[in-house]
Amino acid sequence: MQYADLILPLPLPGVFTYSVPLELQSVVFPGKIVIVQFGRKKSCPAVVKNIHNIKPEGYSVKDISSVPPGFPVILPVQIRFWEWLASYYMCPEGEVLKAALPGGLRPAGADSGVIKPKTESYLSLHPSVCSKDMISQLHAGLKRAPAQLKILTSYLQISGYTGAAKESPAIPKSLLAGTVPNSRGAVKALVDKSIFTETIRTVSRLRGTNAGLKEISRLNRFQEEALADIKEQFKTKEVVLLNGITSGGKTEIYIHLIKEQLEKGKQVLYLLPEIALTTQIIVRLKSIFSDIAGVYHSRFSDAERVEIWNKVLNKDDEGYKLILGARSSLFLPFSDLGLVIVDEEHENTFKQFDPAPRYNARDSATMLASMHGAKTLLGTATPSVESYFNAISGKYGLVNLLKRFEEMELPRVIIADTREARKKKTMKSLFTPQLLDAIQEVLDKGEQIILFQNRRGYAPFIECAECGWIPLCQNCDVSMTYHKSLNQLLCHYCGASFKPAALCPECGSHDIKTKGFGTEKIEDEVSLFFPSARVGRLDIDAARKKRAHEKIIGEFESGNLDILAGTQMIAKGLDFGKVSLVGILNADNLLFFPDFRAHERSFQLISQVSGRAGRKLKGGRVVIQTGFPGHPVIKNIIAGNFKKHFSEQLAERREFLYPPFVRLIRITIKDARKETVEKASATLAARLKKRFGSRVLGPEYPLVGRIQKRYVMNIMLKIEKGANLSAARTLITAEIERLHSLPGFRYCQVYPDVDPF
Ligand code: ADP
Ligand code: ZN
Ligand code: ZN
């Protein structure tokens, strides 16, 4: 008897063993997608992990029900990668499978088939009528069938066919629909009479942006040196960190490395932290690498994702050899990777927060690359403390690119003291006089401006001026954010919304004021001060509609907007030539955010947004509004001194025991009942303290202690470098299981997050 260990897309630990019926033995092998019965579920998809003949004990083994035809086989290297992710990030392989396989590759059961490629009918003239003579004869002959005649003339107009060539062009049938009443009947008659020939073609669901082939740029001296250095370092290191100044031309260096790999017949994965970024870069890449470059991210439909999956599997000319994508592209079926590039490696969006697997795509990328025998290049202008530490301690190679392309100067940083401006009463709404003056000057010159604020919406809360009443979310412990364009109060944690009342429900006062500000308010206010300026906004609210962010970026790029207000979405790697001013509206809510990475994040964000200024124009400026001009992070930003910033951060991390000196594992406990969460957390923490001693911190309520009607507590573990991590994981998993077996705690949600952000 043959048995198969299966991975099921369920949040349950371990694999599930089924028997392989004789008639299926030839088609069941590792990587196959099969259908099984699981519990009460009649047909559940599963992936075969391995085949053996050890009969499982203690339960009656069920047969695999069927093997649906037409699904791709999961490659061995993918299964190994899933296994590593599940074990490192402490989650069931089934949850990795759910994240890895697009819905379209998870057959729901016997009735669900493979997604059929979309087809379209094309019409051309039958070869026997392809001449000028025949066409004029047809005109005469169809006089009594006016609908058919109209279809014929429409065809000739659309296709531009005159009868001169031997063959007529095929045009989509849909183009002729609606040209006459009952166009279908008329077209059918023409096909039946052998005047038209109909052909069915498969069309790609993926819209191509296939520009003509462009020459690859020649690198300047500094880029050449960096490229040579990267290749040299790759001889001895698996991972190289490219620390390149903003607008130094990192992308061009990547392009040279990509070309080299593609010429060797290898695949390349290029990871980006933000979908908004793929638009600009894919145009650059497609213009050089044409159709072998593809994009992948979670915004695509299932059908599109299946199509990209198949194009990565496809080894011939039609396939993708270069994938540009967000973190989920790590799961594509690469068979022969030569290089993985992680651009803007410092970005926190590489970490998946929810649901499991809570993986960091940057760190996982280095593992995926090593499984393929490939190299990883991490690129950034502002390295993360972890990566830079790995580089200076010799684990990674380090390459510097210090000059901007065409030796453009970095923008000049101007500090605008908001506390002083308030004292002197020179603050106008959200703006210091320095920022207002700078905006006016730049508008006068016809150049562009970026205004950054790390909050979306109009105001983070509203408040009754009489009694201090603040509307809070009913499901979460946070205030509701006011969105003016929607005229709604929204919870950014659970999405709950309601219309703001005109009167305070507590005291009946009309005097309700907005407090603080988000991107929407900036957009509004800047339009008041500069009524003739064209102002746009880029944040997740504005980008929610499919392709909306592309439109906004395109409008700014083409000069149809003068000012772009946005959140961190605009901070990352975008390349706009005409921006000469960047305004940071409020640096303080970055600097004083209660998190051990707040300073690191402030330095990164402010330097990155600043890097959008003066890329192609001289005299770029950055105005930073802050109440704390003497703050060490602000000083390092003004001086552009990454090394000093890094050593200060590292010293703090060493003193207070944070990464890279320890590894963090955060355990989150959630339940609808406050008492349950508190008891369960205390019980788990006490057990863990017995095992791990003072390495265990908490339990504690996080900043937002209730989300979506459920109370949340965290326990933090700090595991020193060099400790046996897999033993620690096993212990933690066992304690979580034990907690779940106790009465009262069975349904409380408990999950670990390894290397949390
Ligand atoms: P980074 O990613 O380092 O911020 P980019 O790669 O976006 O910088 O380069 C900045 C700008 O300089 C881009 O507009 C790019 O097209 C241009 N550029 C960089 N290197 C070259 C080169 N070797 N030849 C022509 N243009 C270049
Ligand atoms: Zn009130
Ligand atoms: Zn809420």
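Since this is a predicted model, take the numbers as computed values, not measurements.

Each value, and the rule that gives it
Residues numbered from 1 in each chain as written. Chains lettered and ligands numbered in written order. Predicted model: local features only at pLDDT ≥ 70, side-chain atom pairs only at ≥ 80, totals over all residues. Heavy atoms only, no water. Helix = DSSP H or I, 4+ residues; strand = E, 2+ residues; numbered from the N terminus. Buried < 20%, exposed > 50% of the residue type's maximum accessible area, 1.4 Å probe, protein only. Lys, Arg positive; Asp, Glu negative; His and termini not counted. Salt bridge = Lys/Arg side-chain N within 4 Å of Asp/Glu carboxyl O. Contact = heavy atoms within 4.5 Å. Pairing = 2+ DSSP bridges. Axes fitted to C-alpha atoms, helices over the stretch in contact; angles between N-to-C directions. Near = heavy atom within 4 Å. Polar contact = N/O pair within 3.5 Å; in protein donor to acceptor, adjacent residues only side chain to side chain. Areas by Shrake-Rupley, 256 points an atom, 1.4 Å probe, with all protein chains shown as cover. Nonpolar A, V, L, I, M, F, W, Y, C, P; charged D, E, K, R; others polar. Domains from an automatic or database assignment. Arc of directions from axis to C-beta. Right-handed = clockwise from strand over helix to strand, strands pointing away. Donors = N, O, S within 2.8 Å, 3.2 Å for Na, K, Ca; no water. Tetrahedral: all angles 85-135°; square planar, octahedral: opposite > 155°, others 65-115°. Phe/Tyr/Trp six-rings, centres within 6.5 Å; stacked < 30°, edge-to-face > 60°. Lys NZ or Arg CZ within 6 Å of the ring centre and 35° of its normal. Expected span 1.5 Å × (residues − 1).

Details of the side chain of Arg729
Thought 1: Of note, Arg729 is situated in helix H21 (residues 725–741).
Thought 2: No salt bridge is formed by the buried Arg729; the nearest opposite charge belongs to Asp755, separated by 7.3 Å.
Thought 3: Setting aside chain neighbours within four positions, we find Arg729 in contact with Ser87, Tyr88 and Met90.

Observations regarding the sheet that holds strand E1 (residues 2–7)
The strands that make up a sheet pair up through hydrogen bonds in the backbone, lying either parallel or antiparallel.
Thought 1: Spatial strand order, E2-E1-E4-E3: four strands in an open sheet with antiparallel pairing. Only two strands of the sheet have a single partner each, and these edge strands are strand E2 (16–20) and strand E3 (33–38). Averaged over all adjacent pairs, the angle separating strand axes in this sheet is 55°, with direction ignored.
Thought 2: Along the sheet face, helix H1 (residues 76–88) touches E1 and strand E4 (41–52) and points at about 100° away from the line of E4.

Thoughts on the site of ligand 1
Thought 1: Inspection of the region around ligand 1 gives 17 residues, with Arg218, Gln223, Ser247, Asp575 and Lys616 positioned closest.
Thought 2: A distance of 2.8 Å separates a nitrogen atom of ligand 1 from a polar atom in the side chain of Gln223.
Thought 3: For ligand 1, an oxygen atom lies 2.9 Å from a polar atom in the backbone of Lys250.
Thought 4: When ligand 1 sits alone it has 560 Å² of accessible area, and the protein chains cover 86% of it.
Thought 5: The dominant element in the shell around ligand 1, judged by the number of residues it contributes, is helix H7 (residues 250–263), at three residues.
Thought 6: In terms of residue class, the shell around ligand 1 is made up of three nonpolar, seven polar and seven charged.

Concerning the domain arrangement of the chain
When the parts come together, some accessible area is lost, and that loss is often what is quoted as the size of the interface.
Thought 1: In terms of domain boundaries, the chain breaks down into domain 1 (2–105), domain 2 (118–203), domain 3 (221–406), domain 4 (408–455 + 527–652), domain 5 (459–516) and domain 6 (662–754).
Thought 2: The gap between the C-alpha centroids of domain 2 and domain 6 is 70 Å.

Some details on helix H5 (residues 183–192)
Thought 1: The set of residues buried in H5 consists of Ser183, Ala186, Val187, Ala189 and Leu190. An end-on view of H5 places all buried positions within 160° of arc, on one side of the element. Those residues of H5 that are exposed and angled more than 90 degrees off the buried face are Arg184, Lys188 and Asp192.

Points about the side chain of Arg597
Thought 1: Tracing the chain through its elements places Arg597 in the loop between helix H16 (588–591) and helix H17 (598–610).
Thought 2: Apart from the residues lying within four places of it in its own chain, the contact partners of Arg597 are Glu386, Arg653, Pro756 and Phe757.

Regarding the pairing of strand E12 (residues 337–343)
Thought 1: For E12, the buried fraction is high: seven of the seven residues fall into the buried class.
Thought 2: Regarding topology, helix H10 (residues 361–371) serves as the crossover connection from E12 to the parallel strand E13 (residues 375–380), and that connection is right-handed.

Some details on the pattern of salt bridges
Thought 1: With the rule as written, the count across this model stands at 36 salt bridges.
Thought 2: Measuring nitrogen to oxygen at the nearest pair gives 3.1 Å for the salt bridge that ties Asp192 to Lys188. Placement of both Asp192 and Lys188 in helix H5 is noted, with a separation of four residues, approximately one turn of the helix.
Thought 3: Lys644 is the partner of Glu648 in a salt bridge, and the nearest nitrogen-oxygen pair spans 3.3 Å. Residue Glu648 and its partner Lys644 are located together in helix H19 (residues 642–656), separated by four residues, close to a single helical turn.
Thought 4: Classification of Glu648 as partly exposed rests on a relative accessible area of 26%.

Section: the coordination of the zinc ion (ligand 3)
Thought 1: Those donors, Cys473 (SG), Cys476 (SG), Cys491 (SG) and Cys494 (SG), are the protein atoms that reach the zinc ion (ligand 3), and they lie 2.2 to 2.3 Å from it.
Thought 2: Coordination at the zinc ion (ligand 3) is tetrahedral, judged from the four donor atoms that bind it and the angles of 103 to 114° they form at the metal.

Quick word on the coordination of the zinc ion (ligand 2)
Thought 1: Here the zinc ion (ligand 2) is held by Cys464 (SG), Cys467 (SG), Cys504 (SG) and Cys507 (SG), and the distances to it run 2.3 to 2.4 Å.
Thought 2: Viewed at the metal, the four donor atoms of the zinc ion (ligand 2) are separated by angles of 104 to 112°, and the geometry they form is tetrahedral.
Thought 3: Counting residues between consecutive donors of the zinc ion (ligand 2) along the chain gives the motif C-x2-C-x36-C-x2-C. Taken together, the residues span a long stretch of sequence, with Cys464 in strand E17 (residues 461–464) and Cys504 in the loop between strand E20 (497–498) and strand E21 (512–515) at a distance of 40 residues.
Thought 4: A residue is classified by how much of its surface remains accessible, and Cys504, at 3% relative accessible area, is buried.

Regarding the packing of aromatic side chains
Thought 1: Taken as a whole, this structure holds 19 aromatic pairs when the rule is applied.
Thought 2: Centre to centre, the rings of Tyr155 and Phe196 are 5.3 Å apart; their planes meet at 65°, and the pair counts as edge-to-face. Residue Tyr155 is located in helix H4 (residues 146–159), and its partner Phe196 is located in strand E7 (residues 196–202); the two are separated by 41 residues in the primary sequence. The pair Tyr155 / Phe196 is uniform in exposure class, with both members buried.
Thought 3: A ring pair is formed by Phe642 and Phe646, whose centres lie 6.1 Å apart and whose planes are at 25°; its orientation type is stacked. One end of the pair, Phe642, and the other, Phe646, are both in helix H19, four residues apart, so they sit about a helical turn from each other.
Thought 4: Residue Phe642 is classed as buried on the basis of its relative accessible area, which comes to 12%.
Thought 5: Among the aromatic side chains, those forming a connected cluster through ring pairs are Phe81, Trp84, Tyr88, Tyr89, Phe331 and Tyr359.
Thought 6: Sitting above the plane of the Tyr751 ring, Arg358 keeps its charged end 3.6 Å from the centroid.
Thought 7: Between the NZ or CZ atom of Arg597 and the centre of the ring of Phe757, over which it lies, the distance is 4.0 Å.

Topic: the sheet that holds strand E22 (residues 535–538)
Thought 1: On the basis of which strands lie adjacent, the open sheet formed by six strands has the order E15-E25-E24-E16-E23-E22 and parallel pairing. The open sheet has two edge strands with one neighbour each: strand E15 (412–417) and E22. Going across the sheet, the axis of each strand differs from the next one's by a mean of 20°, ignoring polarity.
Thought 2: Inspection of the sheet shows strand E16 (residues 448–452) paired to strand E23 (residues 563–566) by four bridges, in the parallel sense. Each residue of the ladder has a partner; that of Phe452, found in E23, is Gly566.

So, H17
Thought 1: Compared with an ideal rise of 1.5 Å per residue, which puts 13 residues at 18 Å, H17 spans 18 Å between its outermost C-alpha atoms and is within 8% of the ideal.
Thought 2: Burial within H17 is extensive, with 12 of its 13 residues counted as buried.
Thought 3: The complete set of buried residues in H17 reads Ala598, Glu600, Arg601, Ser602, Phe603, Gln604, Leu605, Ile606, Ser607, Gln608, Val609 and Ser610.

Let's talk about unusual backbone geometry
Thought 1: Here Ala356 and Pro357 are connected by a cis peptide whose omega angle stands at -5°.
Thought 2: Mapping Pro357 onto the fold places it in the loop between E12 and H10.
Thought 3: Backbone torsion omega between Gly698 and Pro699 reads 10°, so that peptide bond is classified as cis.
Thought 4: Structurally, Pro699 is set in strand E27 (residues 696–700).

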